[in-house]
Amino acid sequence: MEDCIFCKIIKKEISSNIVYEDSDIIAFRDINPLAPVHILVIPKKHISSLIDLEEKDELLIGKIYTVINKIAKQEKINENGFRIVVNCGKDGGQEVQHLHFHILGGKKLGTKICE
Ligand code: DGP
């Protein structure tokens, strides 16, 4: 997608602090961190949002969770725990229209996720 910020990060047209990359997935630190560890994990394939997922993407999404597991260990938040957030659409607060999984950790997170 021409004007997608995250596609530009994938193509290295916009710089980012990459913590993981393979042929299908890339993960980088969020530009506006909400926690000591705030990483975005995204598929390299442009999928606009969770609601645009198709059955053929099932393996890819499964792989994203395996990557999240690896990153959690890499970032040493596996023992204390962390949160995965996927915002979807206008009411869900999705600002970037490229499916992404927030990894939030490194501190005790609040419980108010539905304000
Ligand atoms: P969401 O609200 O779920 O769409 O979150 C989008 C996140 O993307 C938000 O936390 C800020 C982050 N973000 C937006 N633009 C950039 C960027 O250019 N670089 C990085 N690293 N993060 C970005």
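Read on for a plain summary of the structure. All values derive from a computational prediction rather than experimental measurement.

### A look at the pattern of salt bridges
Item 1. In total, this model carries eight salt bridges according to the counting rule given.
Item 2. Between glutamate 21 and lysine 44 there is a salt bridge, with the nearest N and O atoms lying 2.8 Å from each other. Within this pair, whereas glutamate 21 is found in strand β1 (residues 18-21), its partner lysine 44 is found in the loop between β3 (37-43) and α2 (58-74), the two being separated by 23 residues in sequence.
Item 3. With its nearest N and O atoms 3.4 Å apart, the salt bridge here joins lysine 63 to aspartate 22. Placement of the pair is lysine 63 in helix α2 and aspartate 22 in the loop between β1 and β2 (25-29), with a sequence separation of 41 residues.
Item 4. Residue classification places aspartate 22 among the buried residues on the basis of a relative accessible area of 16%.
Item 5. What emerges from the salt-bridge pattern is a single network uniting Lys12, Glu21 and Lys44.

### Some remarks on the site of the ligand
Item 1. The environment of the ligand is made up of 15 residues, and the closest members are Asp30, Asn87, Glu95, His100 and His102.
Item 2. A distance of 2.6 Å is found between an oxygen atom of the ligand and a backbone nitrogen or oxygen belonging to glutamate 95.
Item 3. In this structure, histidine 100 approaches the ligand through a side-chain N or O atom, which is 2.7 Å from an oxygen atom.
Item 4. Contributions of two or more residues to the shell around the ligand are made by α1 (5-10) and β2.
Item 5. Tallying contributions element by element places α1 first for the shell around the ligand, with three residues.
Item 6. Residues of the shell around the ligand, tallied by class, amount to seven nonpolar, five polar and three charged.

The rules behind the values
- Residues numbered from 1 in each chain as written.
- Predicted model: local features only at pLDDT ≥ 70, side-chain atom pairs only at ≥ 80, totals over all residues.
- Heavy atoms only, no water.
- Salt bridge = Lys/Arg side-chain N within 4 Å of Asp/Glu carboxyl O.
- Helix = DSSP H or I, 4+ residues; strand = E, 2+ residues; numbered from the N terminus.
- Buried < 20%, exposed > 50% of the residue type's maximum accessible area, 1.4 Å probe, protein only.
- Near = heavy atom within 4 Å.
- Polar contact = N/O pair within 3.5 Å; in protein donor to acceptor, adjacent residues only side chain to side chain.
- Nonpolar A, V, L, I, M, F, W, Y, C, P; charged D, E, K, R; others polar.

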